[in-house]
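Structure at a glance
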Amino acid sequence: MLDRLQSVEDRYDFLNEQLSDPDVISDTNKLREYSKEQAQIEETVQAYRDYKEVHEQLNEAKAMLEDKLDDEMYQMVKEELDELSNRKEELEARLKILLLPKDPNDDKNVIVEIRGAAGGDEAQLFASDLFKMYYRFAEMQGWKTEIIEAQANEIGGYKEVIFMVNGTGAYSKLKYENGAHRVQRVPKTESGGRIHTSTATVAVLPEAEEVEIDIHEKDIRVDTFTSSGPGGQSVNTTMSAVRLTHLPTNTVVSCQDEKSQIKNKEKAMKVLRARIFDKVQQEAQAEYADARKTAIGTGDRSERIRTYNFPQSRVTDHRIGLTIQKLEQILQGQLDEIIDALIVEEQSEAMKNAES
């Protein structure tokens, strides 16, 4: 482990030198590439330097214990030795986690797609609740949210809502939301007070840059149409809405959120690029594909990653068996407790695999 850490530190120092080189500074692509790589390993390097400093202090404290000390000084050095030993163990555990292979998409912006699934109007109302939850969570993280496409119904729900979240590390946290979310509550549309079960599906796609996925203009069919609101009524007389069809994969994306046809096309292209990038990743990585298929499912009530139970004010994440009695807070965007627990579980599994 220490050899690997030393290699990371050496690489960090090399990048530091390169970022001061006039030739690199004048090369925009190289400057961006080196800056990004340095930022990715900075936390590991700082933790390693802290570890080396603690290790040195520990050796000094052990050497002092070998000298003739009075009782008071001996006790002081002994206490410092205990503190340093604990600190060293903490840093070793942290460094093991920092050295685990990272998802290359973790630092990317994301495109989130939420769709009402099983449950009709109630499922679409729940899709709206999930959108608000993620919007508030993004605000708390200091991220920016932008709606790309929204198909609302007449009662305030969403048949489908697609939005982009811009912010460092957005994918690293929101990727755990992939899957079918189940709600148990008395619907607003239910007069008899019976509890209904409905689902909405969430798909989280990392934003793909142009250099990562090459889409040729000749492979895209562009259709324009007038924007429509809830119920399908026209809300715009100009042909501002855009539908893109990627012919080789038959991937279709529509966008009508903006009044400008150009802006709608730009947004639709981002979604199209992300979906095709995701498709390419799935085909290239069978394990990833299987995991995603299981996570996304069909939206059926039985295929769920999380349940939001209103009568008992609880949220249960079925992947790790975590139940929290904080339904209102979670719907207000306070997702950190769940996401942090999922991250710890994933890291624990990765540690086990690395050790075996």
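Residues numbered from 1 in each chain as written. Predicted model: local features only at pLDDT ≥ 70, side-chain atom pairs only at ≥ 80, totals over all residues. Heavy atoms only, no water.

If you look the protein chain up in an unreviewed UniProt entry, it shows as Peptide chain release factor 1 from Alkalicoccobacillus plakortidis. Looking at the protein chain in UniProt, the text filed under Sequence similarities (unreviewed entry) is "Belongs to the prokaryotic/mitochondrial release factor family." The UniProt entry for the protein chain carries this comment under Subcellular location (unreviewed entry): "Cytoplasm". (UniProt positions renumbered as here; feature names shortened; annotations may be inferred.)

This part covers the environment of E92. Structurally, E92 is set in helix α4 (residues 71-98). Sequence separation between E92 and Y48 is 44 residues; the distance between their C-alpha atoms is 8.8 Å. Contact partners of E92, with chain neighbours within four places excluded, come to M1 and Y51. (Helix = DSSP H or I, 4+ residues; strand = E, 2+ residues; numbered from the N terminus. Contact = heavy atoms within 4.5 Å.)

When pLDDT is averaged along the protein chain, the result is 84, and 87% of the positions lie at 70 or above. Overall, residues 231-235 carries pLDDT values under 50, and its contacts beyond four positions in sequence, including any with other chains, amount to 10 contacts. Low pLDDT, under 50, characterises residues 291-302; the predicted model gives this stretch 29 contacts beyond four residues in sequence or across chains. (pLDDT = per-residue confidence, 0-100.)

Any two packed helices are characterised by the angle at which their axes cross and by the distance between the axes. The N-to-C vectors of helix α1 (residues 2-18) and helix α3 (residues 28-65) enclose an angle of 130°; their axes lie 9 Å apart at closest approach. Taken together, the axis directions place α1 and α3 in an arrangement best described as oblique. Relative to α3, α1 is oriented so that their crossing is left-handed. Mapping the contact onto sequence places L2, L5, Q6, V8, E9, R11, Y12, D13, L15, N16 and Q18 in α1 and Y34, E37, Q38, I41, E42, T44, V45, Y48, R49, Y51 and K52 in α3. Across the contact of α1 with α3, the residue classes tally to 10 nonpolar, five polar and seven charged. (Axes fitted to C-alpha atoms, helices over the stretch in contact; angles between N-to-C directions. Parallel < 35°, antiparallel > 145°, perpendicular 65-115°, else oblique. Left-handed = near helix turned anticlockwise from the far one by under 90°. Nonpolar A, V, L, I, M, F, W, Y, C, P; charged D, E, K, R; others polar.)

Another aspect to go through is a nonpolar patch on the surface. On the surface, M64, M73 and M76 cluster together into a nonpolar patch covering about 260 Å² of accessible area. Tracing the backbone shows M64 in helix α3. (Patch = residues over 30% accessible without salt bridge, like charges linked within 9 Å, V, L, I, M, F, W, Y side chains within 5 Å. Areas by Shrake-Rupley, 256 points an atom, 1.4 Å probe, with all protein chains shown as cover. Salt bridge = Lys/Arg side-chain N within 4 Å of Asp/Glu carboxyl O.)

Below, the discussion takes up the pairing of strand β10 (residues 314-317). In this structure, strand β9 (residues 306-309) lies alongside β10, joined through four bridges in antiparallel fashion. Residue pairing for β10: N309 is matched across the bridge by R314. Between β9 and β10, which follow one another and run antiparallel, lie four residues, and S313 among them has a positive phi close to 50°. Where β10 and strand β11 (residues 322-324) come together, three bridges link them in antiparallel fashion. In the strand pairing of β11, V315 is matched with I324. The turn joining β10 and β11, which pair antiparallel and follow one another in sequence, is formed by four residues; a positive phi near 65° is taken by G321. (Pairing = 2+ DSSP bridges.)

It is worth spelling out the sheet that holds strand β6 (residues 220-225) at this point. As summarised here, the arrangement of the three strands in space is β6-β7-β8, forming an open sheet in which the pairing is antiparallel. In this open sheet, the two strands that pair with only one neighbour each are β6 and β8 (251-255). Ignoring which end each strand starts from, the neighbouring axes of this sheet average 15° apart. In the sheet, β6 pairs with strand β7 (residues 241-246) via six bridges, with the strands oriented antiparallel. Considered in β7, the bridge of V222 is made with L244.

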